[in-house]
Amino acid sequence: QVQLVESGGGLVQAGDSLRLSCVVSRRTRFSMGWFRQAPGKEREFVAAINTPGDDTAYAASVKGRFTVSRDNTKNTVYLQMNSLKPEDTAVYYCAASAAIMKITTVRDYDFWGQGTQVTVSS
């Protein structure tokens, strides 16, 4: 069984930055993604990165503000979030897929973390 543990969430003001981290419990070649879910809304794609870490994808709402990266030596993927807005408030989830290419759809991920809360005040 693969476990994913997110960290780095918190309460910040609009315009601030946060960096989320996600540690994968074992060394495996997963592509990784970040999703978020606000109260009363469906889980939505935020960012994805392929297994080697040289190909990424972003939701239009975060492109230019968020950056996904990974350190395969540490089994860790990151989400750097800059210029945060109140509408970024959500629980952020890390996900892993056995596919090598980047994936943007919820149903194609095999493993999920427990989520970390990000709250952005105006």
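Check the entry above for the structure.
Bear in mind that the values here come from a model prediction, so they are computed numbers and not experimental data.

Draft legend 1. Examining the packing of aromatic side chains more closely. Going through the model one piece at a time under the given rule, you end up with five aromatic pairs. For the ring pair F35 and Y109, a centre distance of 5.3 Å and an interplane angle of 80° mean the geometry is edge-to-face. Note that F35 is positioned in strand β4 (residues 31-37) and Y109 in the loop between β9 (90-97) and β10 (111-112), a separation of 74 residues in sequence. Overall, the relative accessible area of 0% leaves F35 in the buried class. Accessibility expressed as a relative area gives 6% for Y109, which makes it buried. Here the aromatic residues F35, F45, Y109 and W112 are joined through ring pairs into a cluster of three or more. R43 extends its terminal NZ or CZ atom over the ring of W112, reaching a point 4.9 Å from the ring centre.

Rules and cut-offs
Residues numbered from 1 in each chain as written. Predicted model: local features only at pLDDT ≥ 70, side-chain atom pairs only at ≥ 80, totals over all residues. Heavy atoms only, no water. Phe/Tyr/Trp six-rings, centres within 6.5 Å; stacked < 30°, edge-to-face > 60°. Helix = DSSP H or I, 4+ residues; strand = E, 2+ residues; numbered from the N terminus. Buried < 20%, exposed > 50% of the residue type's maximum accessible area, 1.4 Å probe, protein only. Lys NZ or Arg CZ within 6 Å of the ring centre and 35° of its normal.

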